[in-house]
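So you can see what is in the structure, the chains are spelled out below.
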Amino acid sequence: MNCHSGFVYSNDFTNYRFREDHPFNQMRVVMTKELLEATGKLSDKELISPRLATEEELSLAHSISYINAVKKAGKGELSEEQGLEYGIGTEDTPMFQGMHEASQLLVGGTLSAIDSVLEGRVKHALNIGGGLHHGFERKASGFCIYNDGAVGIKYIRKKYDYKVLYVDTDAHHGDGVQWAFYDDPNVCTFSIHETGRYLFPGTGNVNERGLKEGYGYSFNLPIDAFTEDDSFLEVYESAFREIVDFFRPDVIITQNGADAHFLDPLTHLCSTMKIYEEIPKLAHELAHQYCDGKWIALGGGGYDIWRVVPRAWAQIWKIMNENIPFKGDLPVEWIQKWQKNSPVPLSTTWHDPANACKPIPRRAEITEKNKKLLDKSLQLIYNQKKFNSL
């Protein structure tokens, strides 16, 4: 299968930068693009230039008072006390010069991806600069200022009137997007993430099912810490297939955080590069089966920017276009360029070495807990199908 796809990119994506030592670092976007170029799988004709989201578009998911606060913060005109009211100026989300414009561009990138797909210019589109799923209507959270996923879905609902399935495989719960559509039956959210028992933001329980007309359209799979590849993929694939068949969306948006990898410094999951081949393959398959291919993929978390994120996100692009993953060695020229900057030895192959992840003593227990979680979630889906058919 060969699909014409679009890759959203601007060098200005790196302007979204809190401080030098902050874990959120958009150089991972540059590294991914250059890795793809080094493989010969990304050309200039496939690039989509992002536009700035307008304030009217931002206000689809954010309050005007919050947008104004972000603008002031980016000019140094917001006091620390005022900032804290909006979640700005915290350890996670510090103020920085030009933060409004930098955030506007990331949202605009997602809107550019959406229009390119839904106006038929490309089959799929990838904006790895986006995926900032923790932003709320009037509050920044978890490294996220504006929530491009939430704005993008509101934009789809307003402009195209499509039903949207949002699938979030970041290790952190996709809370901002879930709450933005918690009462909307035309938007179904599905998040598989590490349990909030140990990890920010602490939400994403199975019983978070939606409100009012939106009840039954929110699905969460909070898998156990130290979950490995096979258990992750069993839960992800089984639930995704049932949810998409239940909801029958017009378009699929995926958030592709790359922080479930065992090398990620901020989470406790133990996956390898194996899942980053399978996650986009299933999204690609189901988008063609249910949505005539309409699939927009976003970035998200991922804090080992050297060894993990570029490999993981490059696989999305390869799957989008050819439905087969990269195999073998990484391009030598890419390794030589970026090794000079990396504080750790770079990976030299697309796959992780065998036994790279230390054995997990509780593997059987973790797998069983995740299986019970899946069974419970599948029962909820079956019950909702039955209720909707009455």
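See the structure printed just above.
A quick note: this is a predicted structure, and the numbers were derived from the prediction, not measured. (Residues numbered from 1 in each chain as written. Predicted model: local features only at pLDDT ≥ 70, side-chain atom pairs only at ≥ 80, totals over all residues. Heavy atoms only, no water.)

**Some points on the overall build of the chain**
Counting secondary structure elements, the chain contains twelve helices and eight strands. A compact globule built from 390 residues would reach a C-alpha radius of gyration of about 21 Å, and the chain, at 20 Å, matches this within 12%. Across its three principal axes, the chain shows a C-alpha extent of roughly 55 × 50 × 40 Å. When each of the 390 residues of the chain is scored for burial, the buried share is 61%. Across the chain, contacts joining residues at least 24 apart in sequence account for 78% of those joining residues at least 6 apart. When the accessible surface of the chain is totalled, it reaches about 15,400 Å², and 49% of it is carbon and sulfur. Each charge class in the chain can be summarised by its mean position, and for the 42 positive and 53 negative side chains these summaries are 3 Å apart. (Helix = DSSP H or I, 4+ residues; strand = E, 2+ residues; numbered from the N terminus. Rg over C-alpha atoms; globule rule 2.2 N^0.38 Å. Buried < 20%, exposed > 50% of the residue type's maximum accessible area, 1.4 Å probe, protein only. Contact = heavy atoms within 4.5 Å. Areas by Shrake-Rupley, 256 points an atom, 1.4 Å probe, with all protein chains shown as cover. Lys, Arg positive; Asp, Glu negative; His and termini not counted. Charge placed at Lys NZ, Arg CZ, Asp CG, Glu CD.)

**What to know about the pairing of strand β4 (residues 164-168)**
The element β4 is extensively covered by neighbouring structure, given that five of its five residues are classed as buried. Across the two faces of β4 the burial is the same, with Val164, Tyr166 and Asp168 and Leu165 and Val167 all buried. Where β4 meets strand β5 (residues 187-194), five bridges bridge the pair, whose relative direction is parallel. When the sheet's bridge partners are listed, Asp168 is paired in β5 with Ser191. Considered for its hand, the β-α-β crossover made up of β4, helix α7 (residues 175-180) and β5 is right-handed. The pairing of β4 with strand β7 (residues 251-255) spans five bridges and is parallel. Residue pairing for β7: Val164 is matched across the bridge by Val251. (Pairing = 2+ DSSP bridges. Right-handed = clockwise from strand over helix to strand, strands pointing away.)

**Side note on the nonpolar core**
Among the nonpolar cores identified, the biggest contains 120 residues, and Phe190, Tyr236 and Phe240 are the most heavily contacted of them. Every residue in contact with Tyr236, bar those within four places of it in the chain, is listed here: Val167, Thr169, Phe190, Ile192, Glu278, Ile279, Leu282 and Ala283. (Core = buried A, V, L, I, M, F, W, Y, C linked by side-chain atoms within 4.5 Å.)

**Structural notes on unusual backbone geometry**
At the junction of Phe200 and Pro201, the peptide bond is cis and its omega measures out at 5° in the coordinates. Mapped onto the elements of the fold, Pro201 is located in the loop between β5 and β6 (218-223). Positive phi outside glycine occurs at Asp161, with the angle close to 55°.

**A few points about the sheet that holds β4**
What the eight strands build is an open sheet, ordered β2-β1-β3-β8-β7-β4-β5-β6; its pairing is parallel. On the outer flanks of this sheet lie β2 (47-48) and β6, each paired with one strand and no other.

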